[in-house]
Each structure stands twice: as structure tokens, then as C-alpha cells.
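Below, each chain spelled out in residue letters.
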Amino acid sequence: MSDYRPIGPVVGIVGAGQLARMSQPPAIALGVELRVLANAPDESAARVIVDTRIGDYRDLDVLREFAQGCDVITFDHEHVPTEHIEALIAEGHAVHPGAAALVHAQDKAVMRERLSAIGVPCPAWARVSSAADVTAFAEQNGWPVVLKAVRGGYDGRGVWVCRDAAEVEEAMATGVPLMAEAFVPFERELAVVVARSPHGQGVSYPVVETVQQDGICVEVLAPAPGLDPEQAAQAQRIGLTIAHELGVTGLLAVELFQTSSGLVVNELAMRPHNSGHWTIEGARTSQFEQHLRAVLDLPLGSPTMTSQVVVMANLLGGDDPDLFKRYEHVLAHDPGIKLHFYGKQVRPGRKIGHVTAVGSNLDEVRARARHAAVHLMTGEYT
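Residues numbered from 1 in each chain as written. Predicted model: local features only at pLDDT ≥ 70, side-chain atom pairs only at ≥ 80, totals over all residues. Heavy atoms only, no water.

*Asks:* If you had to explain the overall build of the protein to someone new, which residues and values would you point to?
*Replies:* Scanning the protein from N- to C-terminus turns up 13 helices and 17 strands. In terms of C-alpha radius of gyration, the protein reaches 21 Å, essentially the compact-globule figure of 21 Å for 382 residues. The proportion of buried residues among the 382 residues of the protein is 54%. Restricting to contacts in the protein with at least 6 residues of sequence separation, those with at least 24 account for 61%. Accessible surface computed for the protein: about 16500 Å², of which carbon and sulfur atoms make up 50%. Computed over 31 positive and 46 negative side-chain charges, the inter-centroid distance for the protein is 4 Å. (Helix = DSSP H or I, 4+ residues; strand = E, 2+ residues; numbered from the N terminus. Rg over C-alpha atoms; globule rule 2.2 N^0.38 Å. Buried < 20%, exposed > 50% of the residue type's maximum accessible area, 1.4 Å probe, protein only. Contact = heavy atoms within 4.5 Å. Areas by Shrake-Rupley, 256 points an atom, 1.4 Å probe, with all protein chains shown as cover. Lys, Arg positive; Asp, Glu negative; His and termini not counted. Charge placed at Lys NZ, Arg CZ, Asp CG, Glu CD.)

This is how it looks when you write it as C-alpha cells:
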């Protein structure tokens, strides 16, 4: 590597999961060179990106060495310590999103405080440090109470829906800092992905519906079927407002609850997001290309859809690790289906890939995506 000279800009991605992996194809097209910081050489992106460095993202010296020669640093996950990001910025490195923005995706209490201050609709919430605090919160806002780990937690982890004081005690016994939120009786879950560049250009993708199972997203429907155009526009405004007010650079995914009284913001992510994987085939500019454009401060691409309907179905690991033996049926049955595997070892319940179908009829497209996903995961037919 000592004699290697990059031709185009170098984007360093801290983390080597599937989000970094799926950034490689648009990087090739844009003439962008990717460098990833992986924990181990067998991680998803490390399997396909030549310039892979192995190290601990929690070590500032590792991050400093990794950043040398990069035009910009960005993230595959939100776990890098805030103070390390601040140090890199102070030393002159371009980091997008910056520490002041990213902390809102790292710390849920900080996020709730800021969103409430700028008038974004959020559930009632409070910091809690004891079961008595939670009980007092429930007396004001009713049971059940949703307890969340202030930092960390994803795909249903770090979230407890407590229906009584006994369940609160179980959650408190974990010892992690928690916050309480009022349970939101939502009709369905929505998400909107927006992008913002350092000089302030912003774009929004269409609002999608996300279907959850045991806290894990299993399906994304684009655009969200039957969503009132005014409410769709409101969701996009919420996303762009948050990106502007928080100073986000790169992608921002906003998870929302649709309720009988309006939209409520649930969670934020400042990176490519599972709710935007459909954009690889379903949008003029995929979320991965858009993120690269944004962090490099290039003009943003068109977020418009390539077809009337797009459905993405996640592939979750099961008991049989050999998904490849079922390729033939899926590809022969539906030549239009698109498969994406993440280069991960198969474990029950783990996201190991996704399938995408496009078309004009929601029921038909959804059935195609489900058929492919179910057969790949289980060998069964739908």
C-alpha cells in the first residue's frame, strides 16, 4: 500500500458493516475511493473494500491514523465516542456528520430535548434513574411506559415496553441509563430519508411504510401506501427541518409513528438506513450514492422513484445457513427480483441481506418480494 496513490477523493468510513459494503458500487461509479475501519478482516465491507484497516474505533490514536489521507470521514454506525469525533475535527479533519449533530443519534435523551425545543412532534418523555421515577411518569402519562437505553440499542434491543411496576424493575436491573417515553398508539410506522450537504443543499426521498416484527424491520413499502399527500409533505418537512436545525451533513433517517392525531418522531439515524435500501433499484440516486455526494459536498442527486411501487424485504438468518442453494428458484421464478447479500455469517434472526421488487401494483410487487425472501430464508413457497 506504500506506493499506492488514490485517483479520486478518499472517503473513510468508520465501521465495516453492510452499509459501508453497499457504498462501494456507487463509489466506483463516482470515482471515489473508500477506506473502512473494521474490527476484524471478515466483516461485511472488509470482504469487498481493498483499503481496509483493522482497529478499534474507540481508540483515538487508531482513528487519527485511519483519518490520515482521507478527504472526509463518515460512519457506518453511531458508536464512535463523541469526544473522539470532536478531536478529529479540532485537528483539521473533515467529519460528516460532525459531533454536534451525531450526538443526537447517539444519545436519545439529547435528541428528545433538542427536537422538543425546535417544535418537532415527540412523545412525552423523561430521564429516569429509579423505578419510582418511572412510576411517577406513568401516573402522569399512563401505562404502558416505554423504557429505552439512552445510548445504544437497535432492532428492538435496548427497548422495554413496561405494563406495570414489576416489568419496570426488570428493565432497571440491567443497570444501563434509561429514559421513559409515553407509549404511542400508532396506526403504522413510517420513515423518511433526507440528505443535506455541508453548504446546505437538501433533498428528501418519498416517505415509506416500514413493517416491523419483534422490533426488526422486515419490509419497506415505497411510497407509503394511502398516505395523504399533505401528511407525506409534512413528514418530509420534518426530516429537512431536523437536518437543518441539527446541522446534519450526509443522510438523516427519521422514523415516525402515524397516529390518529398526526405524526410523531420515534428515532433518528445519521447514515444510510434500512428504510432506504429500496433506493438502490427504486430511486434515480440510491441513498448510498447520495450519502457520498453529501459528505463530499457534491451536488445532490435526484431522489425520484424509478417505478410506481418498490418493496424491499429483509432476509433474516434461520436454521439453514446455505441460502445460495436456493438462488436458482428465486432467480428463475422472477428474473426482475434483485438480491443483496451482506457477506455475513448466517445466524437466526440476523439481517443477512435483502430483496427488492419494483412495479406498478403494490399487491403484486409485495407478493414477489415476499416470495423471494421467504424461499431464500426457509426454502418454503408462498
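Continuing now.
*Asks:* Please set out helix H5 (residues 99-106) residue by residue, giving values where relevant.
*Replies:* For an α-helix, the turn length of 3.6 residues means that residues three or four places apart are oriented alike. Here H5 lies mainly inside the structure; seven of its eight residues are buried. Those residues of H5 that fall on the buried side of the exposure criterion are Ala99, Ala101, Leu102, Val103, His104, Ala105 and Gln106.

*Asks:* Tell me what's going on with the layout of surface pockets, and back it up with residues and numbers.
*Replies:* Empty space within the second largest pocket amounts to approximately 280 Å³. In terms of lining, the second largest pocket is formed by 13 residues, of which the most central are Arg21, Met22, Pro25, Ile280 and His340. When contributions to the lining of the second largest pocket are tallied by element, the ones reaching two or more residues are helix H2 (24-30), helix H11 (287-295) and strand E16 (338-341). For the lining of the second largest pocket, the class distribution of residues is eight nonpolar, three polar and two charged. (1 Å grid on protein atoms, 1.4 Å probe; cavity = no way out; pocket = protein on both sides within 12 Å on 5 of 7 lines; lining within 4 Å. Points joined across faces, edges and corners; volume = space filled by probe spheres on them. Nonpolar A, V, L, I, M, F, W, Y, C, P; charged D, E, K, R; others polar.)

*Asks:* How would you summarise unusual backbone geometry if you had to cite specific residues and measurements?
*Replies:* With an omega of 0 degrees, the peptide bond between histidine 96 and proline 97 qualifies as cis. Here proline 97 is to be found in the loop between helix H4 (82-90) and H5. Phi is positive for aspartate 214, close to 55 degrees, though the residue is something other than glycine. Tracing the sequence through the fold places aspartate 214 in the loop between strand E11 (208-213) and strand E12 (216-222). Despite not being glycine, aspartate 297 shows a phi value in the positive range, around 60 degrees. Along the chain, aspartate 297 falls in the loop between H11 and strand E15 (309-316).

*Asks:* Could you give me a rundown of the side chain of histidine 340, with the residues and numbers involved?
*Replies:* As for its position among the elements, histidine 340 is in strand E16. With relative accessibility at 16%, the residue histidine 340 sits in the buried group. Here the side chain of histidine 340 touches glutamate 281 through a polar contact of 2.8 Å, side chain to side chain. When sequence neighbours within four positions are dropped, the list of residues in contact with histidine 340 reads Ile280, Glu281, Ile352, Gly353, His354 and Thr356. (Polar contact = N/O pair within 3.5 Å; in protein donor to acceptor, adjacent residues only side chain to side chain.)

*Asks:* Tell me about the nonpolar core, and name the residues and values.
*Replies:* In terms of nonpolar packing, the biggest core is built from 41 residues, with Val14, Ile242, Leu252, Leu256, Val265 and Leu268 touching the most fellow members. Sorting elements by how many residues they give to this core places helix H9 (residues 229-246) first, with six residues. With near-sequence residues (within four places) excluded, leucine 268 lies in contact with His104, Ala105, Met111, Leu115, Ile242, Leu246, Leu252, Ala253 and Val254. Counting residues in each nonpolar core, the second largest holds 21 residues, with Ala313, Ile337, Val365 and Ala369 among its members. (Core = buried A, V, L, I, M, F, W, Y, C linked by side-chain atoms within 4.5 Å.)

*Asks:* Could you give an account of the sheet that holds strand E3 (residues 51-54), naming the residues involved and the relevant values?
*Replies:* The four strands lie next to each other as E3-E2-E1-E4, forming an open sheet whose pairing is parallel. Edge positions in the sheet fall to E3 and strand E4 (72-75), since each of these pairs with one other strand and no more. When the angles between neighbouring strand axes are averaged without regard to direction, this sheet yields 25 degrees. This element, helix H3 (residues 60-67), spans strand E1 (10-14), strand E2 (33-38), E3 and E4 of the sheet and lies at about 165 degrees to E2. (Pairing = 2+ DSSP bridges. Axes fitted to C-alpha atoms, helices over the stretch in contact; angles between N-to-C directions.)

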